[in-house]
Amino acid sequence: MSNVRPLQPRAPQPRPYLHIPEPTARPGEPADFRTLAIPEAGRQPRPAIDASARELRPFAEDLIRVMDGEGHAVGPWNPEIDPETLRRGLRVMMLTQAYDKRMYRAQRQGKTSFYMKCTGEEAVAAAQAMALDRADMLFPTYRQQGLLIARDWPLVDMMNQVYSNTKDRLKGRQMPVFYSSAEAGFFSISGNLATQYSQAVGWAMAAAIKGDSRIAAAWIGEGATAEGDFHHALTFAAVYRAPVILNVVNNQWAISTFQGIAGGEATTFASRAIGFGIPGLRVDGNDFLAVYAVTKWASMRARAHHGPTLIELFTYRAAAHSTSDDPSKYRPAEEAQQWPLGDPIARLKQHLISLGQWSEERHVQLESELVEEVRAAGRQAESYGTLDKGPHHSAKTMFEDVFKDMPWNLRRQRQESGV
Amino acid sequence: MSNVRPLQPRAPQPRPYLHIPEPTARPGEPADFRTLAIPEAGRQPRPAIDASARELRPFAEDLIRVMDGEGHAVGPWNPEIDPETLRRGLRVMMLTQAYDKRMYRAQRQGKTSFYMKCTGEEAVAAAQAMALDRADMLFPTYRQQGLLIARDWPLVDMMNQVYSNTKDRLKGRQMPVFYSSAEAGFFSISGNLATQYSQAVGWAMAAAIKGDSRIAAAWIGEGATAEGDFHHALTFAAVYRAPVILNVVNNQWAISTFQGIAGGEATTFASRAIGFGIPGLRVDGNDFLAVYAVTKWASMRARAHHGPTLIELFTYRAAAHSTSDDPSKYRPAEEAQQWPLGDPIARLKQHLISLGQWSEERHVQLESELVEEVRAAGRQAESYGTLDKGPHHSAKTMFEDVFKDMPWNLRRQRQESGV
Amino acid sequence: MPAMTMIQALNSAMDIMLARDPNVVVIGEDVGYFGGVFRCTDGLQKKHGRHRVFDTPIAEAGILGAAVGMSVYGLRPVAEIQFADYIYPAADQLISEAARLRYRSGGEFTAPLTVRAPCGGGIYGGQTHSQSPEGIFTHVCGLKTVMPSNPYDAKGLLISAIEDDDPVIFFEPKRLYNGPFDGHHDKPTRPWAKHPHGEVPADYYTIPLGKAAIARPGVDATVIAYGTMVHVALAAVAESGIDAEVIDLRTLIPVDIETITASVEKTGRCVIVHEATRTSGFGAELSALVQEHCFYHLEAPIERVTGYDTPYPHALEWEYFPGPSRVVEALRRVMAD
Amino acid sequence: MPAMTMIQALNSAMDIMLARDPNVVVIGEDVGYFGGVFRCTDGLQKKHGRHRVFDTPIAEAGILGAAVGMSVYGLRPVAEIQFADYIYPAADQLISEAARLRYRSGGEFTAPLTVRAPCGGGIYGGQTHSQSPEGIFTHVCGLKTVMPSNPYDAKGLLISAIEDDDPVIFFEPKRLYNGPFDGHHDKPTRPWAKHPHGEVPADYYTIPLGKAAIARPGVDATVIAYGTMVHVALAAVAESGIDAEVIDLRTLIPVDIETITASVEKTGRCVIVHEATRTSGFGAELSALVQEHCFYHLEAPIERVTGYDTPYPHALEWEYFPGPSRVVEALRRVMAD
Ligand SMILES: Cc1ncc(C[n+]2csc(CCOP(=O)(O)OP(=O)(O)O)c2C)c(N)n1
Ligand SMILES: Cc1ncc(C[n+]2csc(CCOP(=O)(O)OP(=O)(O)O)c2C)c(N)n1
Ligand SMILES: [Mg+2]
Ligand SMILES: [Mg+2]
């Protein structure tokens with residue numbers, strides 16, 4: 001042990017005045033949403049798709065809501081979706097939830113290393129995927145598994161990825177939930193936050209260069225908006241008026257830090273767009289109808305060459321960040337249940353029931369059908385292997401796809417590895 | 001020559017609809033500033049320093065101006081500076097210009113490798129340095145040499161840096177104009193654009209942690225605001241309410257690209273701040289009084305713990321980007337002369353004359369005094385060496401200051417180099 | 001002496017430095033109230049206050065940009081990058097700024113900051129939670145690079161890093177956080193409490209930067225390793241029956257050339273082991289240095305045992321990991337020649 | 001064949017590829033109307049249109065992020081980073097994204113983009129306009145790294161890079177833009193028109209990636225170099241009177257191990273030359289490879305002649321630059337042993 005020095009007495013220090021944002025409540029304290037201003041549903045006007053970004057400014061601090069407390073669709077943003085489509089939306093959200101539950105359990109059973117749920121945020125992916133065209137390109141984060149489900153992507157394929165089994169198209173290379181599917185128009189999830197955001201803008205620029213009518217949509221968590229890529233995406237989207245929808249999923253938490261640490265204390269995330277001359281629309285993220293309507297509006301705007309839109313989806317991450325996380329360490333246990341915007345599934349269910357297009361009985365029945373559907377898929381996927389028990393892709397595949405053609409060093413390393 | 005392939009016939013392509021911003025005029029065309037909306041001087045209200053960012057929103061698209069067409073100071077932003085200080089401001093700007101002229105010539109004469117003028121932007125550094133406290137810390141770009149001049153930093157020392165001579169405190173390591181002076185509170189200029197912006201915020205955070213009353217000020221060009229560091233600076237400044245002034249010098253050009261390529265077509269750069277809940281004030285950058293007043297206001301706001309302010313200084317880069325640049329290749333030759341906001345030196349001169357505190361004669365006399373002052377400094381600096389003729393610091397110094405203590409590899413390399 | 005895990009040892013180092021030096025601040029994503037996703041800063045905010053230990057936005061470049069500015073003010077920031085894989089967004093602030101500031105300002109401005117970053121694989125983290133990017137930073141003049149292999153060293157080196165007047169990047173092999181790991185992933189994990197280097201003084205002490213340790217003396221061959229690979233090398237040496245000397249570099253830059261040279265001159269045979277991908281990894285520099293300094297002592301080609309030149313795969317993690325058997329093979333090869 | 005400078009040759013490569021392949025786009029700071037600060041894209045926007053060649057905001061990470069997205073769409077972006085020194089802000093998009101996309105998506109998504117970046121010193125650019133950061137990128141699996149030494153190669157290699165289905169980082173030694181440069185900075189500069197490799201076919205042709213060239217055959221020693229250092233090496237060989245073989249790597253990754261091995265097996269002596277800083281530069285990898293492949297042929301320690309481990313200084317540029325005399329000394333040392 002070298003250089004032992006005496007402890008220096010601390011000089012008296014002037015009082016610090018750095019502001020450190022703190023959430024309204026911490027573990028042990030009651031959840032506190034008093035400062036959340038939630039406007040009444042139906043009160044927000046619906047502007048023309050070619051409205052100027054300047055005209056649209058008030059939307060960045062408003063909250064577009066369609067479903068009222070009784071589940072009635074009210075106001076100009078009511079997308080007037082037919083009941084069949086609504087039921088499909090409900091089904092997508094419920095299937096996402098059933099899928100999440102099973103895969104979470106599978107991780108707990110040791111069948112894979114990691115899992116991330118989107119509990120409470122199901123409306124985001126479901127409504128947005130449904131409002132977009134099937135050919136539009138999606139640049140999601142790890143919390144939009146619902147996009148694949150809404151695009152009818154086989155659950156078995158998703159599970160194969162989570163299990164890194166022999167049928168995993170990603171050959172066991174990626175961590176669970178980092179899905180990728182060119183066919184589904186679902187871009188490969190990166191472990192590095194925010195990178196997809198400027199990539200989506202680049203894709204949209206390419207589409208515009210080619211005179212293509214397809215658009216891109218990107219998602220980012222409110223926490224990750226602090227990354228530079230968020231800024232680059234907005235800058236490029238604004239400069240070139242790229243046909244892209246830039247979604248910020250504000251689920252209030254980024255692992256252990258509340259949205260104030262991401263810069264949401266003094267303003268909204270939708271407001272970020274204003275600084276670039278991009279419209280920023282804030283929407284009740286747990287209101288399927290509102291999310292659908294706003295996304296449709298933004299997609300029409302983009303397709304009509306009026307440029308990008310940023311949508312802040314105001315929601316709540318009801319579950320842990322991931323299977324590695326324990327939210328009871330940093331937020332009140334009951335915060336999720338007390339989230340003032342409720343649960344997206346319950347709200348759409350109520351709406352459908354209020355329309356006479358759904359019932360408690362059908363709901364319960366669908367729930368068990370979906371559990372069965374997921375269970376069947378799970379069995380099939382597990383028959384192709386799980387992370388813990390295998391089988392996996394052969395070790396040979398580890399050396400493939402680094403480059404299109406394998407260079408000498410990888411050929412030699414593969415050989416030395418004995419596979 | 002391998003793989004010669006036939007040229008493929010191009011398939012007919014749909015019309016691209018990517019928007020590519022273009023300036024109003026290119027070489028050979030007349031300068032065109034018709035789209036510039038310049039409000040009348042004195043019309044902008046002066047808010048309280050603790051006004052909320054939301055209240056301050058209109059300022060992001062306005063243009064704070066104090067001097068009217070006749071050089072009279074009008075309106076609530078009139079800083080009411082005493083004539084002595086005004087004359088000092090004029091002197092700083094004129095000295096900056098005289099210094100620029102000589103060093104530009106020195107480069108052309110081969111005495112150094114590179115030089116950058118701030119012609120047309122002299123008011124930015126002069127007024128801002130004078131509005132700040134001497135102890136405040138400055139994080140400039142290469143175009144705020146005026147800050148050093150305003151802080152009475154010896155011209156000889158600046159020239160020593162430009163000449164990389166034996167008295168260059170930076171030991172000939174940095175390119176010309178990348179000044180650095182701890183004593184002057186002037187942070188080392190980096191070649192990498194934008195990096196100083198988040199550093200300034202970090203410095204301000206440190207000051208706040210320590211309960212220090214000093215604040216930081218940073219500068220960035222409008223072009224460089226596209227870098228991620230700009231975003232990080234605004235995010236951190238907003239989150240921690242750091243006592244910092246974030247200046248964007250919008251001089252319309254970033255080398256060959258006009259401010260539309262940086263994202264200034266649809267909105268102003270001051271607007272960027274709004275998205276973070278930071279006030280963004282746009283000011284006539286060629287109006288010494290307005291720049292002084294706005295900077296003073298922001299410094300009082302920061303010192304009173306009301307957090308950061310972004311100031312967009314609207315000006316024009318009248319000279320080439322650097323001695324390596326030829327603006328006649330990308331913009332109308334007469335654009336600079338036709339810049340509607342005029343020349344900052346001429347405008348302050350007119351103001352002083354209108355106050356009866358200055359005259360053409362005194363102006364001409366001061367001009368020649370300053371030329372003489374610069375010439376004397378130049379002679380002295382050249383006596384310590386120039387880049388082309390030397391002498392320089394000894395080659396030994398090349399191996400120093402990589403680390404505080406020289407590690408073995410550098411000791412050995414120095415030895416091998418034979419110095 | 002108390003037994004500590006590497007997490008506790010790192011926590012203790014920061015705790016002590018926060019108490020000793022009012023200019024030390026600890027910042028990073030989730031490091032404040034929560035205490036870090038690996039719990040390395042657990043309890044520090046509560047003890048030292050919210051102005052000394054606090055959460056940052058998710059922006060690695062912002063964190064290091066702010067840290068450089070804080071350094072310029074006179075603080076000594078200790079910044080956590082949540083995973084070493086996420087340091088790339090901050091590359092410019094680290095390479096162009098922190099590492100160059102002393103030089104470019106003629107010594108007037110400095111950046112005495114410490115960047116902590118968990119690195120390495122072995123926890124099924126896949127390609128973006130398993131990387132060992134130290135090689136890149138060893139190429140950056142003006143940066144010091146450290147990677148401890150045990151709790152005792154971790155604490156002493158981290159204190160030295162925080163006290164160092166130059167920027168230090170401090171890589172923490174996350175697979176070692178809770179116990180030593182020799183690559184035998186199928187054997188039960190051991191706790192640090194049962195390892196001699198898990199005994200860590202509660203008080204202040206330092207281990208100087210730039211000094212390697214002999215993890216195991218030997219005469220037949222030299223194994224140069226750092227971080228997790230020290231344990232793998234020790235296991236391999238034991239299994240091979242070859243009396244090899246194992247050097248634990250501890251500091252990569254500045255590298256302890258004397259210890260390396262003395263050992264290879266003695267043994268004449270050298271195996272270099274790291275977890276990072278092979279091509280242009282720090283093993284390349286070590287190999288070059290060894291042959292430059294010990295050419296006439298070398299009796300066999302220097303061997304490199306490293307991660308393959310591919311991303312770190314999720315499911316095939318153990319096929320990828322350069323475990324003891326690959327080191328044994330390399331040892332056998334250098335002995336055979 | 002027309003005489004071309006390296007600038008003209010690069011311009012011609014992009015011009016041809018813009019015409020041949022409607023998916024090629026050229027983007028970067030100042031590359032559009034103005035034609036680039038080094039004029040490499042001069043006239044391309046006018047000829048191919050504003051949607052094929054256009055200016056970007058000053059955000060290297062944004063440029064490469066957008067380029068990755070364009071690649072995913074199906075374009076082949078050629079992105080200019082104005083100086084290699086400014087590539088660090090884009091490190092994450094290059095390392096974590098472009099280089100990893102094929103692997104992580106099981107081959108479904110790829111990023112066939114080309115990043116052009118002027119590198120190297122010799123123009124009094126100081127530490128932020130003179131760097132040679134290629135070593136860092138050679139450590140990144142999934143990236144190809146190229147550096148030409150003359151106009152003929154520059155054109156053929158750039159066309160290959162653009163056509164390559166993997167991301168390629170293409171470093172252009174800016175000191176060679178207008179003429180060959182052998183390190184004798186005090187001698188008059190020569191134009192490419194007087195150099196045999198300044199003769200460049202006007203039409204399409206390619207030089208395959210991964211294949212080195214023998215810039216000068218020889219039997220007594222091998223000098224491995226790339227970029228500007230090829231000319232320095234040739235000058236040094238001429239001045240030394242030693243009959244050394246000079247290898248111009250052209251592509252660093254994948255490196256042409258066969259050409260290297262064949263040469264060193266023949267000569268038994270090897271000098272590696274690069275302008276980048278020494279520690280963990282690409283020379284370290286080359287040294288490691290040579291000793292791994294040719295250990296029993298080596299008759300003397302491999303020498304590295306490189307930039308010193310300091311930033312590139314402005315005034316002392318020529319003291320820093322690894323010029324012919326340093327190469328001559330190294331050649332003498334390898335011959336003496
Ligand atoms: C560049 C980078 N930095 C840090 C991380 C570690 N990390 C993973 S998720 C996460 C929180 C993200 O929060 P948010 O963006 O709000 O998304 P959410 O998880 O709430 O959906 C962090 C810090 C990362 N993956 N990448
Ligand atoms: C990271 C980085 N990218 C690119 C450059 C090259 N560069 C130097 S100055 C400049 C233009 C900057 O324009 P602006 O920010 O508007 O400042 P101005 O020169 O107008 O004062 C560019 C692109 C650089 N120095 N650093
Ligand atoms: Mg979140
Ligand atoms: Mg500018």
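These numbers come from a predicted model, not from an experiment. (Residues numbered from 1 in each chain as written. Chains lettered and ligands numbered in written order. Predicted model: local features only at pLDDT ≥ 70, side-chain atom pairs only at ≥ 80, totals over all residues. Heavy atoms only, no water.)

Caption draft 1: Focus on unusual backbone geometry. Residue and element names in this part refer to chain A. With an omega of -5 degrees, the peptide bond running from Gly390 to Pro391 counts as cis. Structurally, Pro391 is set in the loop between helix H9 (360-383) and helix H10 (408-417). Positive phi, normally seen in glycine, also occurs at Val177, with a value near 75 degrees. Of note, Val177 is situated in the loop between helix H4 (155-163) and helix H5 (195-209). For Val177, a relative accessible area of 1% puts it in the buried group. (Helix = DSSP H or I, 4+ residues; strand = E, 2+ residues; numbered from the N terminus. Buried < 20%, exposed > 50% of the residue type's maximum accessible area, 1.4 Å probe, protein only.)

Caption draft 2: Representation of the sheet that holds strand S1 (residues 137-139) of chain A within the structure. Residues and elements named next belong to chain A. Here we have five strands laid out as an open sheet, ordered S1-S2-S3-S7-S6, and parallel in their pairing. Across the chains shown, the open sheet's two edge strands, defined by having one partner strand only, are S1 and strand S6 (280-284). On average, each strand axis in the sheet is tilted by 20 degrees relative to the strand beside it, whichever way the strands run. (Pairing = 2+ DSSP bridges. Axes fitted to C-alpha atoms, helices over the stretch in contact; angles between N-to-C directions.)

Caption draft 3: The arrangement of the coordination of the magnesium ion (ligand 3) in detail. Residues and elements named next belong to chain A. Donor atoms from the polypeptide that coordinate the magnesium ion (ligand 3) comprise Glu222 (OE), Asn251 (OD1) and Trp253 (O), at 2.1 to 2.2 Å from the metal. Positions of the donor residues of the magnesium ion (ligand 3), expressed as sequence spacing, correspond to E-x28-N-x1-W. Of this pair, Glu222 sits in the loop between strand S2 (216-221) and helix H6 (228-240) while Asn251 is found in the loop between strand S3 (244-250) and strand S4 (253-254), placing the two residues 29 residues apart along the sequence. Accessibility assignment for this pair places Glu222 and Asn251 in one class, buried. (Donors = N, O, S within 2.8 Å, 3.2 Å for Na, K, Ca; no water.)

Caption draft 4: Quick look at the packing of helix H5 (residues 195-209) of chain B against helix H6 (residues 228-240) of chain B. Residues and elements named next belong to chain B. Where H5 meets H6, the axes come as close as 7 Å, and the angle between the chain directions of the two elements is 20 degrees. Between H5 and H6, the crossing angle belongs to the class labelled roughly parallel. Handedness of the crossing formed by H5 with H6: left-handed. Listed contacts from H6 to Thr195, Tyr197, Ser198, Val201 and Met205 of H5 are Asp229, Phe230, His232, Ala233, Leu234, Phe236, Ala237 and Tyr240. Partitioned by chemical class, the residues of the contact of H5 with H6 number nine nonpolar, three polar and one charged. (Parallel < 35°, antiparallel > 145°, perpendicular 65-115°, else oblique. Left-handed = near helix turned anticlockwise from the far one by under 90°. Contact = heavy atoms within 4.5 Å. Nonpolar A, V, L, I, M, F, W, Y, C, P; charged D, E, K, R; others polar.)

Caption draft 5: Region of interest: the site of ligand 2. As a matter of local geometry, ligand 2 sits amid 20 residues, with Tyr142(B), Arg143(B), Gly191(B), Trp253(B) and Glu60(D) nearest to it. In the environment of ligand 2, an oxygen atom lies 2.6 Å from a nitrogen or oxygen atom belonging to the side chain of Tyr142(B). Separating an oxygen atom of ligand 2 from a side-chain N or O atom of His321(B) is a distance of 3.3 Å. Classifying every residue of the shell around ligand 2 gives eight nonpolar, seven polar and five charged. (Near = heavy atom within 4 Å. Polar contact = N/O pair within 3.5 Å; in protein donor to acceptor, adjacent residues only side chain to side chain.)

Caption draft 6: Molecular detail of the site of ligand 1. Taken together, 20 residues are adjacent to ligand 1, and Tyr142(A), Arg143(A), Gly191(A), Trp253(A) and Glu60(C) come closest. Residues lining ligand 1 come from chains A and C. A distance of 2.7 Å separates an oxygen atom of ligand 1 from a polar atom in the side chain of Arg143(A). Separating a nitrogen atom of ligand 1 from a side-chain N or O atom of Glu60(C) is a distance of 2.6 Å. In isolation ligand 1 has 590 Å² of accessible area, and contact with the protein removes 96% of it. Of the residues contributing to the shell around ligand 1, the split by class is eight nonpolar, seven polar and five charged. (Areas by Shrake-Rupley, 256 points an atom, 1.4 Å probe, with all protein chains shown as cover.)

Caption draft 7: Just the interface of chain B and chain D, in detail. Taken residue by residue, the interface counts 54 residues in chain B and 49 residues in chain D. Between chain B and chain D, roughly 4,200 Å² of surface is buried when both sides are summed, and carbon and sulfur atoms account for 59% of that area. Put simply, chain B and chain D have one salt bridge between them. Across the pair Glu22(B) and Arg50(D) runs a salt bridge whose closest N-O atoms are separated by 3.8 Å. Joining chain B to chain D, the criterion identifies 14 residue pairs in polar contact (both at pLDDT 80 or more). The greatest single-element share of the side of chain B that touches chain D, amounting to four residues, is contributed by helix H11 (residues 408-417) of chain B. (Buried area = accessible area lost by both parts, 1.4 Å probe. Salt bridge = Lys/Arg side-chain N within 4 Å of Asp/Glu carboxyl O.)

Caption draft 8: Looking closely at H11(B). Trp408(B), Asn409(B), Leu410(B) and Gln413(B) are the residues of H11(B) that are buried. Tucked inside the fold, the buried residues of H11(B) contact helix H9 (257-267) and helix H10 (282-294) of chain C. Gly418(B) sits one or two positions beyond H11(B) and adopts a positive phi of about 80 degrees.

Caption draft 9: Up close: the pairing of strand S12 (residues 303-307) of chain D. All names here are of chain D. Of all five residues making up S12, five are buried, and the element is well covered by its neighbours. With four bridges joining them, strand S11 (residues 270-277) and S12 adopt parallel strand pairing. Along S12, the bridge assignment pairs Val271 with Glu303. For the handedness criterion, the β-α-β arrangement of S11, helix H10 (residues 282-294) and S12 is classed as right-handed. (Right-handed = clockwise from strand over helix to strand, strands pointing away.)

Caption draft 10: Local environment of the environment of Ala395(A). The topology assignment puts Ala395(A) in the loop between H9 and H10. Between the alpha carbons of Ala395(A) and Ala126(A) there is a distance of 37 Å; along the sequence they are 269 residues apart. Setting aside chain neighbours within four positions, we find Ala395(A) in contact with Val419(A), Leu316(C) and Glu319(C).

Caption draft 11: Expanded view of the coordination of the magnesium ion (ligand 4). Residue and element names in this part refer to chain B. Here the magnesium ion (ligand 4) is held by Glu222 (OE), Asn251 (OD1) and Trp253 (O), and the distances to it run 2.0 to 2.2 Å. Read in sequence order, the donor residues coordinating the magnesium ion (ligand 4) give the pattern E-x28-N-x1-W. One end of the pair, Glu222, is in the loop between strand S2 (216-221) and H6; the other, Trp253, is in strand S4 (residues 253-254), with 31 residues separating them in the sequence. In this structure, Glu222 and Trp253 share a single accessibility class: buried.

Caption draft 12: Representation of the interface of chain D and chain A within the structure. With 45 residues of chain D at the interface, the matching set in chain A holds 43 residues. Buried area between chain D and chain A, both sides added, is near 3,600 Å², and the carbon and sulfur share of it is 64%. A per-residue breakdown of the area chain D buries against chain A is headed by Tyr73(D), Tyr103(D) and Arg104(D), which together make up 23% of the total. Our count for the contact surface shared by chain D and chain A stands at two salt bridges. Put simply, Glu108(D) and Arg169(A) hold a salt bridge, and the shortest N to O gap is 2.7 Å. At the junction of chain D with chain A, the criterion picks out 22 residue pairs in polar contact (both at pLDDT 80 or more). When residues of the side of chain D that touches chain A are traced back to their parent elements, those giving at least two are strand S2 (53-55), helix H3 (60-73), helix H4 (91-98), helix H5 (101-104) and H10 of chain D. The element that contributes the greatest number of residues to the side of chain D that touches chain A is H3(D), accounting for 10 residues. A breakdown of the residues in the side of chain D that touches chain A according to their chemical character gives 23 nonpolar, 13 polar and nine charged.

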